[in-house]
Amino acid sequence: MEIKRDRYLDKLISKEHNGLIKVITGMRRCGKSYLLFTLFKKHLLSEGVDEDHIIEIAFDAFENKKYRDPDVLYPYLKEQIKDDAMYYVLLDEVQLLSEFESILNSLIRMKNVDVYVTGSNARFLSKDVITEFRGRGDEVHMYPLSFAEFMSVYQGTKQDGWNEYMLYGGIPLVLEFGTPDQKIAFLKSLFEETYISDIVGRHNIRNKAELEELLNILSSAIGSLTNPEKLSATFQTVKKKKISNSTIKRYIDYLCDSFLIDSAIRYDVKGKKYIDTPVKYYFTDMGLRNARLNFRQIEETHSMENIIFNELKMRGFNVDVGVIVQYGTNDKGNSIRKQLEIDFVCNQGSKRYYIQSAYAIPDQAKMEQEQRSLMLTGDFFKRFIITKDTPAPYYNESGVLIMSVYDFLLNENSLDN
């Protein structure tokens, strides 16, 4: 089963021979190795590259353990480069290689070597690439399967596909399991044995239970405004445990660095400024989020909002939570200040879109409620309300484009049409 990952493959192809180290980042098991060793290698072979000019090493494979030593790897690589033709060096999970910065910097100094690497940790790779390679790294960030990628191999209706995707997420390996029990067991094992143990081991976390409790709280409150202070209070009142704000912030940083969760900061649309706290957190993969809660808490409204957020990030948008501040007076003539919210303010270059996620709009009152903040932005950027089951996209009388989540997710250009 070959899954299309054209968005990432096209990015890699566009960066060929640019003199930089192509760094593919993303959460574990999202398909980085498949992109590099299957899809990109297939592209190279189709372009006429000889197989012996493609050097591939997966550092997490036991048989390649010796190559984690730079004094073994570098002579081996030099030995493989036998002529002046272009060589493609594909290295998987490069964070396992000692002194990887020195090795990669040495490789890109060779004029006939094009280097591609993958890594699974943001702080170790994507953030350090900027400083360690001083402009010599070029990142391609990868996500689990989008709904469109999922549906390209799913055998069934889009409605059934949506239910599966919302429940089990987009980790490609999930598609290889046939029954719900197998999918659930895989996701729960993956979360515990790969993500949790990886974070605990990498950061020497002594109190694993605290981290797991925080994950449970964040999983239960996707798309809710929160901050370390609120989370600390939740631990105190619900869990009867004391945990400091600084510890919670550190744990959240670890979860973000592992690409398990992502954040959306509040943005004052009219004031044109960011509001640091509170923020919203979303899970990069819904299957992993649901596994964290033993598949007990599946609310389609919040799940849909999370999936829309992920899709916008996949499309390359910077995504914020919009805040519209309104001033007025109450019945007694006293001044009041209200804050209305726009689920997503999406920016990409000169483009900006305002998006509300609304599971259902049964009547005009609900329509007015959903679009109220959209009509107060004070500009002319495009406005959307994404619902579960709108028959076909249409503009309402206020100029807001209403579309179903299927039309949004299955058409990559849905916001531009």
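Quick note: structure is the one above.
Residues numbered from 1 in each chain as written. Predicted model: local features only at pLDDT ≥ 70, side-chain atom pairs only at ≥ 80, totals over all residues. Heavy atoms only, no water.

A. Seen up close, the overall build of the chain. Within the chain, the regular secondary structure consists of 15 helices and 14 strands. Referenced to the eigenvectors of the C-alpha coordinate spread, the extents of the chain come out at roughly 85 × 50 × 45 Å. Within the chain, buried positions represent 53% of all 417 residues. By sequence separation, contacts in the chain at least 24 residues apart represent 67% of the contacts at least 6 residues apart. Put simply, the chain shows about 19300 Å² of open surface, and 48% of that area lies on carbon and sulfur atoms. Charge separation in the chain, taken as the distance between the mean sites of 55 positive and 60 negative side-chain charges, equals 6 Å. (Helix = DSSP H or I, 4+ residues; strand = E, 2+ residues; numbered from the N terminus. Buried < 20%, exposed > 50% of the residue type's maximum accessible area, 1.4 Å probe, protein only. Contact = heavy atoms within 4.5 Å. Areas by Shrake-Rupley, 256 points an atom, 1.4 Å probe, with all protein chains shown as cover. Lys, Arg positive; Asp, Glu negative; His and termini not counted. Charge placed at Lys NZ, Arg CZ, Asp CG, Glu CD.)

B. How the structure looks around the pairing of strand β5 (residues 137–141). Covered by surrounding structure in β5 are Asp-138 and Val-140 only, the residues Gly-137, Glu-139 and His-141 on the alternate face being uncovered. Judged from the five bridges that link them, strand β1 (residues 21–25) and β5 form a sheet pairing that is parallel. When the bridges of β5 are listed, Val-23 appears paired with Glu-139. (Pairing = 2+ DSSP bridges.)

C. Expanded view of unusual backbone geometry. The omega angle of the peptide bond from Thr-277 to Pro-278 is -5°, so this bond is cis rather than trans. Residue placement: Pro-278 occurs in strand β8 (residues 273–283). For Glu-93, which is not glycine, the phi torsion reads 55° and is therefore positive. Within the secondary structure, Glu-93 is located in the loop between β3 (87–92) and α4 (100–108). The backbone of Asn-204 shows a phi angle near 50°, a positive value even though the residue is not glycine. Note on placement: Asn-204 falls in the loop between α8 (180–203) and α9 (208–220). In this structure Asn-204 comes out as exposed when scored by relative accessible area, which is 64%.

D. Up close: the packing of helix α1 (residues 6–14) against helix α2 (residues 32–46). Here α1 crosses α2 at 60°, and the two axes come no closer than 11 Å. When the axes of α1 and α2 are compared, the pair comes out oblique. By crossing handedness, the relation of α1 to α2 is classed as right-handed. For the pair formed by α1 and α2, the contact residues are Tyr-8, Leu-9, Leu-12 and Ile-13 on the first element and Leu-35, Leu-39, Phe-40 and His-43 on the second. Counted by class, the contact of α1 with α2 contains seven nonpolar, one polar and no charged residues. (Axes fitted to C-alpha atoms, helices over the stretch in contact; angles between N-to-C directions. Parallel < 35°, antiparallel > 145°, perpendicular 65-115°, else oblique. Left-handed = near helix turned anticlockwise from the far one by under 90°. Nonpolar A, V, L, I, M, F, W, Y, C, P; charged D, E, K, R; others polar.)

E. Quick peek at the sheet that holds strand β6 (residues 225–226). The strand order across the open sheet formed by nine strands is β6-β8-β7-β9-β10-β11-β12-β14-β13, and the pairing between neighbours is mixed. Every interior strand has two partners, whereas the edge strands, β6 and β13 (394–395), have only one. Relative to strand β14 (residues 401–404), β13 runs antiparallel, the two sharing two bridges. Paired with Tyr-395 across the strands is Leu-401, a residue of β14.

F. Structural detail: the environment of Leu-39. With respect to the helices and strands, Leu-39 occurs in helix α2. Put simply, Leu-39 and Leu-9 are 30 residues apart on the chain and 7.1 Å apart in space, counted from C-alpha to C-alpha. In this structure Leu-39 touches Glu-2, Ile-3, Arg-5, Leu-9 and Tyr-34, once residues within four positions along its chain are discounted.

G. Seen up close, the sheet that holds strand β2 (residues 54–58). Spatial strand order, β2-β3-β4-β1-β5: five strands in an open sheet with parallel pairing. Of all strands in the sheet, those with a lone pairing partner are β2 and β5, marking the two edges. Averaged over neighbouring strand pairs, the angle between their axes works out to 15° when direction is ignored. On top of the sheet, helix α3 (residues 70–80) reaches β2 and β3; it is set at about 155° to β2, its chief contact.

H. The environment of Glu-192, seen in detail. By the secondary structure assignment, Glu-192 is in helix α8. Along the primary structure Glu-192 and Val-113 are separated by 79 residues, whereas in three dimensions their C-alpha atoms are 38 Å apart. Among all residues touching Glu-192, those that are not within four sequence positions of it are Ser-197, Lys-208, Glu-212 and Arg-292.

I. Seen up close, the pattern of salt bridges. This model, assessed by the stated rule, comprises 26 salt bridges. One salt bridge connects Asp-138 with Lys-15, and the closest N-O pair in it is separated by 3.1 Å. With a gap of 123 residues between them, Asp-138 in strand β5 and Lys-15 in the loop between α1 and β1 connect regions that are remote in the sequence. With its nearest N and O atoms 3.9 Å apart, the salt bridge here joins Glu-164 to Lys-183. With a gap of 19 residues between them, Glu-164 in helix α7 (residues 158–168) and Lys-183 in helix α8 connect regions that are remote in the sequence. Note on Lys-183: relative accessible area 7%, which makes it buried. Each of the salt bridges in this network shares a partner with another, and the network as a whole consists of Arg-7, Glu-311, Arg-315 and Glu-412. (Salt bridge = Lys/Arg side-chain N within 4 Å of Asp/Glu carboxyl O.)

J. Local environment of the packing of aromatic side chains. Counted by the stated rule, this structure contains 19 aromatic pairs. With centroids separated by 5.5 Å and ring planes inclined at 55°, the aromatic side chains of Phe-150 and Tyr-165 adopt a geometry described as tilted. Taken together, the positions of Phe-150 in helix α6 (residues 147–151) and Tyr-165 in helix α7 put the pair 15 residues apart, joining distant regions of the chain. Taken as a pair, Phe-150 and Tyr-165 share a single burial class, namely buried. Their ring planes at 80° and their centres at 6.2 Å tell us that Trp-162 and Tyr-406 sit as a pair that is edge-to-face. Here Trp-162 is found in helix α7, whereas its partner Tyr-406 is found in helix α15 (residues 405–410), with 244 residues between them in sequence. Members of the aromatic cluster, each reached through a chain of ring pairs, are Phe-147, Phe-150, Tyr-154, Trp-162, Tyr-165 and Tyr-406. The ring of Tyr-116 carries Lys-22 above its face, with NZ or CZ at 4.8 Å from the centroid. Over the ring of Phe-408 we find Arg-315; its NZ or CZ atom is 4.5 Å from the centre of that ring. (Phe/Tyr/Trp six-rings, centres within 6.5 Å; stacked < 30°, edge-to-face > 60°. Lys NZ or Arg CZ within 6 Å of the ring centre and 35° of its normal.)

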